[in-house]
Amino acid sequence: MAEVHGLRATTAGSVPAVAPKLQAEGVGKVFTGRGRDPVTAVGSIDLAAGPGEFVSILGPSGCGKSTFLYIAGGFVEASHGTVRYDGAPVEGPGPERGIVFQEFALFPWKTVLGNVTYGLARQGMGRAERNERARHQLEMVNLGGVEKLYPKELSGGMKQRVAIARTLATDPDVLLMDEPFGALDAQTRAVLQIELMSIWERTRKTVLFVTHSVEEAIYLSDRIYVFSHRPSRIKAVIDVELGRPRDRERMLADPAYPVLHRRIWELLREDGSDDDAP
Ligand SMILES: Nc1ncnc2c1ncn2[C@@H]1O[C@H](COP(=O)(O)OP(=O)(O)OP(=O)(O)O)[C@@H](O)[C@H]1O
Ligand SMILES: [Mg+2]
């Protein structure tokens with residue numbers, strides 16, 4: 001265990017002291033298709049995220065991170081095991097769990113405002129109220145004044161801001177985020193990480209965040225679950241005890257940071273991951 005300037009990490013992993021918001025027990029997924037060999041996308045995953053916690057998932061490409069997140073979102077049915085939200089088994093999508101997909105997944109035929117109000121309209125909210133809510137969310141992700149534009153008129157960073165605003169607009173209790181910044185350049189990614197941290201500090205939603213970046217996971221998370229290669233299981237659970245609000249420069253200058261980064265990187269390398277070389 002390393003401990004310098006408040007940055008501390010253990011691989012024991014802390015279980016939330018209070019009842020978890022989201023809890024996975026022995027969750028696995030086998031995809032079967034006619035004429036195709038079954039694919040075990042997720043082996044057996046145990047994971048918990050307490051109220052207001054920021055929890056990340058790291059793991060090699062193809063180990064089942066997206067599949068696991070879709071199961072937590074209720075979009076894919078687990079082959080075995082259970083995901084619970086507030087103690088009740090997840091049996092489908094619900095407004096309390098908002099998802100930001102690996103690709104931006106905006107509706108190209110809708111304007112920015114149309115995209116952000118989509119979920120609210122489906123919930124039956126009136127036009128004036130949903131437009132007001134959407135404008136507020138767009139401001140929250142620093143994207144005022146672009147309501148009338150279409151996705152093709154936006155940069156990658158702007159599209160991702162719209163996708164986040166769309167998910168936040170319905171005010172979910174839990175945010176499921178699948179590599180939301182993976183397709184962005186390093187600078188935009190850093191800006192959006194800071195924005196996400198600031199939104200999270202203000203709203204204290206429970207976040208389950210999939211990433212390929214060890215640095216991003218350390219910077220954002222209270223706890224990191226490292227998945228093994230497919231069929232995935234939990235390889236390590238790492239508590240990141242770094243004060244909040246966080247400062248990237250301070251984190252990078254902390255002598256404990258490279259120690260933690262290397263340890264996580266080595267866990268991933270054992271599994272043949274080629275992501276995010278140190
Ligand atoms: N609908 C599906 N039908 C069959 N196989 C699938 C399906 N969805 C995913 N898979 C397979 O399950 C495995 C896990 O896929 P998944 O997308 O969950 O991985 P991942 O960890 O998110 O990968 P990446 O880091 O590249 O995003 C892969 O082998 C993939 O081909
Ligand atoms: Mg994925």
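Look up a bit, the structure's there.
What counts and how
Residues numbered from 1 in each chain as written. Chains lettered and ligands numbered in written order. Predicted model: local features only at pLDDT ≥ 70, side-chain atom pairs only at ≥ 80, totals over all residues. Heavy atoms only, no water. Core = buried A, V, L, I, M, F, W, Y, C linked by side-chain atoms within 4.5 Å. Buried < 20%, exposed > 50% of the residue type's maximum accessible area, 1.4 Å probe, protein only. Helix = DSSP H or I, 4+ residues; strand = E, 2+ residues; numbered from the N terminus. Domains from an automatic or database assignment. Phe/Tyr/Trp six-rings, centres within 6.5 Å; stacked < 30°, edge-to-face > 60°. Lys NZ or Arg CZ within 6 Å of the ring centre and 35° of its normal. Near = heavy atom within 4 Å. Polar contact = N/O pair within 3.5 Å; in protein donor to acceptor, adjacent residues only side chain to side chain. Areas by Shrake-Rupley, 256 points an atom, 1.4 Å probe, with all protein chains shown as cover. Nonpolar A, V, L, I, M, F, W, Y, C, P; charged D, E, K, R; others polar. Salt bridge = Lys/Arg side-chain N within 4 Å of Asp/Glu carboxyl O.

Colleague: It is not clear to me how the nonpolar core should be interpreted in this structure. Could you clarify?
Modeller: Across soluble globular proteins, nonpolar side chains have a tendency to be buried as a group. In this structure, Met-177, Phe-209, Ile-218, Ile-224, Val-226, Ile-238 and Ile-264 are the most contacted members of the largest nonpolar core, which totals 50 residues. Here this core gets 6 residues from one element, more than from any other, and that element is helix α4 (residues 156-169). Viewed by domain, this core spans two of them, domain 1 (2-96 + 172-270) and domain 2 (108-170), each represented by three or more residues.

Colleague: Help me understand unusual backbone geometry, please; the structure alone is not making it clear to me.
Modeller: Pro-231 follows Arg-230 through a cis peptide bond whose omega is -5°. Looking along the chain, the bond that leaves Arg-244 and enters Pro-245 is cis, with omega of -5°. Non-glycine residue Asn-142 carries a positive phi angle of around 55°. Residue position: Asn-142 is located in the loop between α3 (127-140) and α4. Judged by relative accessible area, which is 53%, Asn-142 ranks as exposed. Although it is not a glycine, Arg-204 adopts a positive phi angle of roughly 50°. Tracing the chain through its elements places Arg-204 in the loop between α5 (186-203) and β10 (206-210).

Colleague: It is not clear to me how the packing of aromatic side chains should be interpreted in this structure. Could you clarify?
Modeller: Each aromatic ring pair is summarised here by two numbers: the centre-to-centre distance and the angle between the ring planes. Scanning the model with the defined rule gives 8 aromatic pairs in all. Look at Phe-54 and Phe-209: their rings are 5.5 Å apart centre to centre, the planes differ by 45°, and that puts the pair in the tilted class. Residue Phe-54 is found in strand β5 (residues 54-58), and its partner Phe-209 is found in strand β10; the two are separated by 155 residues along the sequence. Accessibility classification places Phe-54 together with Phe-209 in one group, the buried group. Among the aromatic residues, those joined into a ring-pair cluster are Phe-54, Phe-181, Trp-200 and Phe-209. When the ring centre of Tyr-219 is taken as reference, the NZ or CZ atom of Arg-248 above it lies at 4.4 Å.

Colleague: Would you mind showing me how to read the site of ligand 1 here?
Modeller: If you check the shell around ligand 1, you find 14 residues, and the closest are Ser-61, Gly-62, Lys-65, Thr-67 and His-212. Within the backbone of Gly-62, a nitrogen or oxygen atom sits 2.8 Å from an oxygen atom of ligand 1. At 2.6 Å from an oxygen atom of ligand 1 is found a side-chain nitrogen or oxygen belonging to His-212. Within the complex, 66% of the 640 Å² of free accessible area of ligand 1 lies under protein. Examining the composition of the shell around ligand 1, we find that 3 residues originate from one element, helix α1 (residues 65-73), more than from any other. Counted by class, the shell around ligand 1 contains 4 nonpolar, 7 polar and 3 charged residues.

Colleague: I keep staring at the pattern of salt bridges and nothing clicks. Help me out?
Modeller: Pairing between side chains of opposite charge can happen when the charged atoms of each approach one another. What the rule picks out here adds up to 13 salt bridges. Residue Asp-86 pairs with Lys-21 through a salt bridge whose shortest N-O separation is 3.0 Å. Taken together, the residues span a long stretch of sequence, with Asp-86 in the loop between β6 (80-85) and β7 (88-89) and Lys-21 in the loop between β2 (7-10) and β3 (22-33) at a distance of 65 residues. Residue classification places Lys-21 among the buried residues on the basis of a relative accessible area of 13%. In this structure, the salt-bridge partner of Asp-173 is Lys-21, at a minimum N-O distance of 2.8 Å. Here Asp-173 is found in the loop between α4 and β9 (174-178), whereas its partner Lys-21 is found in the loop between β2 and β3, with 152 residues between them in sequence. Given the relative accessible area of 28%, Asp-173 is considered partly exposed.

Function cannot be read off these values alone, since they describe shape.
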